[in-house]
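# Close look at the chain arrangement
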Amino acid sequence: EIQGLLGADIQMQLDECVRLPCTDEEAARAMRLSLRWAERSKKAFESQPKGRALFGIVQGGAVPALRVESARALAAMDFPGYSIGGLAVGEPQEVMLAMIEEVEPHLPRQKPRYLMGVGTPDDLLRAVARGIDMFDCVMPTRSGRHALAFTRFGRINLKNARHAEDPRPLDAESTCPALRDYSRAYLHHLVRCEEMLGSMLLSWANVHYFEQLMAGARAAIAEGRYADYMAQAQDGWARGDIPPL
């Protein structure tokens, strides 16, 4: 009801997300509760204006059979789109990717797939390779508020003292002023002085980087070279001039 009153064009069913790890019994209980709520949410959504879409949410913890059961049941309800929820909640990346691989074959190929609350640049590229279309995450701005910048060279922690006299920008070739026009030394100074401008610039830089990363992914998919694009991005992070955090 709240989503409808807000006029959200893409809305989510009500669901229960359990923190991982959890017992199989807890994952099953929450998943089946979420399925019952999916039916009720879909019925309630029918009275909303055209031009809006309600997405079902796949749950099931880290149990492949539960994930498949949830995906199949939601597909049978014929939602306009499908979300995969309950991941990136404490489990290793390999578990998240394994659950995506379990679920993806059971979701309609002509409908959008949305991975909720994910993630790092590497998470995004690996999930796209497994059939995911949409994402949302606080990571770009939350990281910016905590002095962490994402760049094509890897992550840069501007709290580190080694940036105090570094005149280089985060990325001299970027089209984003926050990445291109401010030195690492200045950004480090803003962070150490707790100036709000530091959080603003790093949030701007991160959002731009994420947008460019995904724009490149879309172009690479259209050109049939996605695997090469992903490998190139990962190689850049590995080879960057940024020592490990």
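Residues numbered from 1 in each chain as written. Predicted model: local features only at pLDDT ≥ 70, side-chain atom pairs only at ≥ 80, totals over all residues. Heavy atoms only, no water.

## Structural notes on the nonpolar core
Counting 29 residues, the largest nonpolar core has Leu74, Leu87, Ile100 and Leu115 as its most contacted members. Mapped by element, the contributors of at least two residues to this core are α2 (24–45), β2 (53–58), α3 (64–77), β3 (81–84) and α4 (93–103). Ranked by the residues each element gives to this core, the list is headed by α2, at 6 residues. Other than its neighbours up to four places away in sequence, Leu87 contacts Leu20, Gly61, Arg67, Met96, Met99, Ile100, Leu115 and Met116. Listed in part, the 17 residues of the second largest apolar core include Leu124, Phe150, Phe210 and Ala220. (Core = buried A, V, L, I, M, F, W, Y, C linked by side-chain atoms within 4.5 Å. Buried < 20%, exposed > 50% of the residue type's maximum accessible area, 1.4 Å probe, protein only. Helix = DSSP H or I, 4+ residues; strand = E, 2+ residues; numbered from the N terminus. Contact = heavy atoms within 4.5 Å.)

## Overview of the sheet that holds strand β4 (residues 113–115)
With parallel pairing, 5 strands are arranged side by side in an open sheet as β1-β2-β3-β4-β5. Sheet topology places β1 (10–12) and β5 (134–135) at the edges, where each strand pairs with a single neighbour. Bridge count for β2 against β3 is 4 bridges, and the pairing is parallel. Following the sheet pairing, Val58 is matched in β3 by Ile84. Contacts from α3 reach β2 and β3 within the one sheet, and its direction differs from that of β2 by about 160 degrees. (Pairing = 2+ DSSP bridges. Axes fitted to C-alpha atoms, helices over the stretch in contact; angles between N-to-C directions.)

## A word on the packing of aromatic side chains
Enumeration over the complete set of coordinates arrives at 6 aromatic pairs. Ring geometry for Phe55 against Tyr114: centres 6.4 Å apart, planes inclined by 65 degrees, an arrangement best described as edge-to-face. Of this pair, Phe55 sits in strand β2 while Tyr114 is found in strand β4, placing the two residues 59 residues apart along the sequence. Considering the side-chain rings of Phe150 and Phe210, the 5.4 Å spacing of their centres and the 85 degrees angle between planes classify their relative orientation as edge-to-face. With Phe150 in strand β6 (residues 148–151) and Phe210 in helix α9 (residues 196–222), this residue pair connects regions lying 60 residues apart in the sequence. When its relative accessible area of 5% is taken as the criterion, Phe150 is described as buried. Taken together through their ring pairs, the aromatic side chains of Phe150, Tyr209 and Phe210 make up a single cluster. (Phe/Tyr/Trp six-rings, centres within 6.5 Å; stacked < 30°, edge-to-face > 60°.)

## A look at the environment of Gly61
When you line up the elements, Gly61 lands in the loop between β2 and α3. Sequence separation of Gly61 and Thr23 is 38 residues, and the distance between their C-alpha atoms is 8.7 Å.

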